[in-house]
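Residue strings, one per chain:
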Amino acid sequence: ITFDQFLTHWAKERPDRVAMREEDRVMSYAELEERTARVASALLAAGLERGDRIAWIGKNSDLYFTLFFGAARAGIVMAPIGWRLSPVEWAFIVNDTRAKIVFTGPGFDAAEDQLAGKLDHDPQIIGADAARAMIDGARRVAFDPSGPADAVLQLYTSGTTGNPKGAVLTNTNLFALRRNSADLDLPYTRWEDDEAVLVAMPCAHIGGTGLGIMALAAGLPGIILAEFNPDGVFDAVEHHGVTRFFIVPAALQMLLLHPRCASVDYSRLKYILYGAAPIPLDLLRQCIKMFGAQFIQAYGMTETTGTICMLPPEDHDPEGNRRMRSAGKPLPGVEIRILGPDGEEVPTGEVGEVVTRSSNNMQGYWNLPDATARTMTAGGWIHTGDAGYMDEDGYLYIHDRMKDMIISGGENVYPAEVESAIYGHPAVQEVAVIGIPDPKWGETVKAVVVPKAGMTVEPDDIIAWARERIAAFKAPRSVDVIEALPRNASGKILRKDLRAPYWEGYERMVN
Ligand code: ATP
Ligand code: MG
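Residues numbered from 1 in each chain as written. Chains lettered and ligands numbered in written order. Predicted model: local features only at pLDDT ≥ 70, side-chain atom pairs only at ≥ 80, totals over all residues. Heavy atoms only, no water.

1. Topic: the layout of surface pockets
Taken as a whole, the second largest pocket holds about 360 Å³ of empty space. Of all elements in the fold, only β4 (77-81), α4 (87-97) and α15 (495-503) reach the threshold of two or more residues within the lining of the second largest pocket. In terms of residue count, the dominant contributor to the lining of the second largest pocket is α4 (3 residues). Split by residue class, the lining of the second largest pocket holds 10 nonpolar, 9 polar and 4 charged. (1 Å grid on protein atoms, 1.4 Å probe; cavity = no way out; pocket = protein on both sides within 12 Å on 5 of 7 lines; lining within 4 Å. Points joined across faces, edges and corners; volume = space filled by probe spheres on them. Helix = DSSP H or I, 4+ residues; strand = E, 2+ residues; numbered from the N terminus. Nonpolar A, V, L, I, M, F, W, Y, C, P; charged D, E, K, R; others polar.)

And the structure:
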């Protein structure tokens, strides 16, 4: 299936249904079809060809989705760039894409000046007003639509472990999730006709753009939040009939902390999807109690077009169900293997690297043949870089990234487990755990803690708290107290930045 097919299908079946809403602006499926056809026509008229790249610097917007879907119809590849990145980082990605046109979103007119002098080629830069005028004034022409195997989206990885890499995704990749989910035919993967989907995460990530694509695939309204904010989520749930959304654990925490949270009417909300980072068990329990919705965990990565495993609602029993720690079961059509250091599959229950194969797997990284060859090995397996194990019932448990694993006295310690134990401490707002060099143990465990507002944290108290809950070798030996954790634009904690000052002059062994 392709963008072109979905757009023409829904324009015929549901011409007057809302396709997208952003604040008070609504667009029907008939309008979306017309406007995306004009985008394709305008880009082709400007001399772009199938396989050319365009980029977007801006927040989430109906304009972004119109440009992306329109370009995709003609096989022109959209690369959305995280607006929270610095202009230097924007330029790195624009240069990497070799984009012919850079579109800037509403409020980002200054980006043109900020990019000046930093680009190694000469893309046309088009602001939001000019882009809307371009669509208004374009004459629709017949064009040759992109096919299932054509690249249409180039999404950059979050850059948690190094420079972001451009994952090239095709029509097939982007609609694999829908096909896989339809095969399951379970209530939580079947989308009813009266649903609406909230796009709350940034469009530069699969958890943002992906939700917009899923709304289109299901012929449902996509409610677009320019950027995540608790009021926007609450309003969308109360006033715009949103029945499901995807957000990251850090955003769930922000919802919980918001004064409005307890008084919102959640009666239309059916499902909350969360994922993209390990969730502290305590946070998940609090959420289950607070929201009258069912919870679904998603595990995946940019390179797998998002979700490859889902933990279904029935495994979210807050009363001590051990499955609550799982990232779920592979979706139909997704293969998962756990490999040991020598590349052999390890027995059930043993920890190793998670590798996966499915039609969700990207085509490859853009312009990075070596990284592509390291990540995608023979037979089409993607190496996730995540450590985890599979239980007898086929549930996957993600420990953490292999690059963050701490080896202390020969024992493997996964930061996420230690963080989860410390997280329940009454004075702890946030915590990140890292390994620091140690002459005797190789590495020792350090916790970096952000106290709750108005509270103080005693390092010894944290260490004692952890020792009561996890093995002594996993408990931190030292604790730093700081004001805020360094996070990247997708809300992921940058443990590499926390580690850096301690590792100056040392060589860290990476698994
Ligand atoms: P980079 O690859 O550039 O270092 P990144 O890996 O953070 O950045 P993404 O593709 O956005 O970029 O994130 C994928 C990673 O997020 C996974 O490899 C995994 O480590 C983590 N992740 C995703 N979902 C979950 C989940 N449900 N539980 C735990 N970790 C998760
Ligand atoms: Mg990654």
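Still more ground to cover, so stick around.
2. Examining the site of ligand 1
As a matter of local geometry, ligand 1 sits amid 20 residues, with Thr160, Thr161, Thr302, Asp386 and Lys492 nearest to it. For ligand 1, an oxygen atom lies 2.5 Å from a polar atom in the side chain of threonine 160. The separation between an oxygen atom of ligand 1 and a polar side-chain atom of arginine 401 is 2.7 Å. Calculation on ligand 1 without its partners gives an accessible area of 640 Å², and the protein chains cover 94% of this total. Here the shell around ligand 1 takes 5 residues from strand β13 (residues 294-301), the largest share from any one element. Partitioned by chemical class, the residues of the shell around ligand 1 number 7 nonpolar, 9 polar and 4 charged. (Near = heavy atom within 4 Å. Polar contact = N/O pair within 3.5 Å; in protein donor to acceptor, adjacent residues only side chain to side chain. Areas by Shrake-Rupley, 256 points an atom, 1.4 Å probe, with all protein chains shown as cover.)

3. Some details on the domain arrangement of the protein
Partitioning the protein into structural domains gives domain 1 (3-390) and domain 2 (405-503). One C-alpha centre belongs to domain 1, the other to domain 2, and the line joining them spans 31 Å. Listed as interface residues are 22 residues of domain 1 and, on the opposing side, 15 residues of domain 2. Summing both partners gives a buried area of about 1400 Å² for domain 1 against domain 2, and 57% of it is carried by carbon and sulfur. The interface formed by domain 1 and domain 2 holds 0 salt bridges in total. At the junction of domain 1 and domain 2, the tally comes to 5 residue pairs in polar contact (both at pLDDT 80 or more). For the side of domain 1 that touches domain 2, the secondary structure elements donating two or more residues are α10 (249-257) and α11 (281-290). (Domains from an automatic or database assignment. Contact = heavy atoms within 4.5 Å. Buried area = accessible area lost by both parts, 1.4 Å probe. Salt bridge = Lys/Arg side-chain N within 4 Å of Asp/Glu carboxyl O.)

4. Quick look at unusual backbone geometry
Even without being a glycine, alanine 276 presents a positive backbone phi close to 85°. In this structure, alanine 276 sits in the loop between β12 (271-275) and α11. Positioned with a positive phi, threonine 305 is a non-glycine residue whose angle comes to about 50°. By secondary structure assignment, the location of threonine 305 is in the loop between β13 and β14 (306-311).

5. Description of the environment of tyrosine 156
Along the chain, tyrosine 156 falls in strand β7 (residues 151-156). On the basis of relative accessible area, tyrosine 156 is assigned to the buried category, the value being 3%. Considered as a pair, tyrosine 156 and valine 168 are 12 residues apart in the sequence and their alpha carbons are 8.7 Å apart. Other than its neighbours up to four places away in sequence, tyrosine 156 contacts Ala79, Ile93, Asp96, Thr97, Pro164, Lys165, Gly166, Ala204, His205, Thr302 and Trp366. Of the polar contacts made by the side chain of tyrosine 156, one reaches the side chain of aspartate 96; its length is 2.7 Å. A distance of 2.9 Å separates polar atoms of two side chains, one belonging to tyrosine 156 and the other to glutamine 154. (Buried < 20%, exposed > 50% of the residue type's maximum accessible area, 1.4 Å probe, protein only.)

6. Some thoughts on the packing of aromatic side chains
In this structure the tally under the stated criterion is 16 aromatic pairs. When the centroid spacing of 6.2 Å and the interplanar angle of 75° are considered together, the rings of tryptophan 83 and phenylalanine 108 count as edge-to-face. Of the two residues, tryptophan 83 is situated in the loop between β4 and α4 and phenylalanine 108 in the loop between β5 (101-104) and α5 (111-115); the sequence distance between them amounts to 25 residues. Owing to a relative accessible area of 18%, tryptophan 83 belongs among the buried residues under this scheme. Ring pairing ties together the aromatic residues Phe3, Phe6, Trp56, Tyr64, Phe65, Phe68, Phe69 and Phe175, which thus form one cluster. Above the face of the tryptophan 191 ring, arginine 244 is positioned so that its terminal group lies 4.5 Å from the ring centre. Directly above the aromatic system of tyrosine 395 lies the positively charged group of arginine 323, at a separation of 3.8 Å from the ring centroid. (Phe/Tyr/Trp six-rings, centres within 6.5 Å; stacked < 30°, edge-to-face > 60°. Lys NZ or Arg CZ within 6 Å of the ring centre and 35° of its normal.)

7. Points about a negative patch on the surface
A contiguous patch of negative charge on the surface is contributed by Asp109, Glu112, Asp113 and Asp129. You can see aspartate 113 is positioned in helix α5. (Patch = residues over 30% accessible without salt bridge, like charges linked within 9 Å, V, L, I, M, F, W, Y side chains within 5 Å. Lys, Arg positive; Asp, Glu negative; His and termini not counted. Charge placed at Lys NZ, Arg CZ, Asp CG, Glu CD.)

8. Here's the deal with the packing of α10 against α11
Two numbers describe how α10 lies on α11: the axes approach to 10 Å, and their chain directions differ by 50°. Judged by the angle between their axes, α10 and α11 are oblique. The two elements α10 and α11 cross, and the hand of that crossing is left-handed. Contacts between α10 and α11 involve Pro249, Leu252, Gln253 and Leu256 from the former and Leu283, Gln286, Cys287 and Met290 from the latter. Looking at the contact of α10 with α11, its residues break down into 6 nonpolar, 2 polar and no charged. (Axes fitted to C-alpha atoms, helices over the stretch in contact; angles between N-to-C directions. Parallel < 35°, antiparallel > 145°, perpendicular 65-115°, else oblique. Left-handed = near helix turned anticlockwise from the far one by under 90°.)

9. Focus on the nonpolar core
Ranked by size, the top nonpolar core spans 122 residues in total, and within it Phe3, Phe68, Phe69, Phe103, Phe245 and Phe291 carry the most contacts. Counting residues in each nonpolar core, the second largest holds 19 residues, with Ile406, Val433, Val445 and Ala466 among its members. (Core = buried A, V, L, I, M, F, W, Y, C linked by side-chain atoms within 4.5 Å.)

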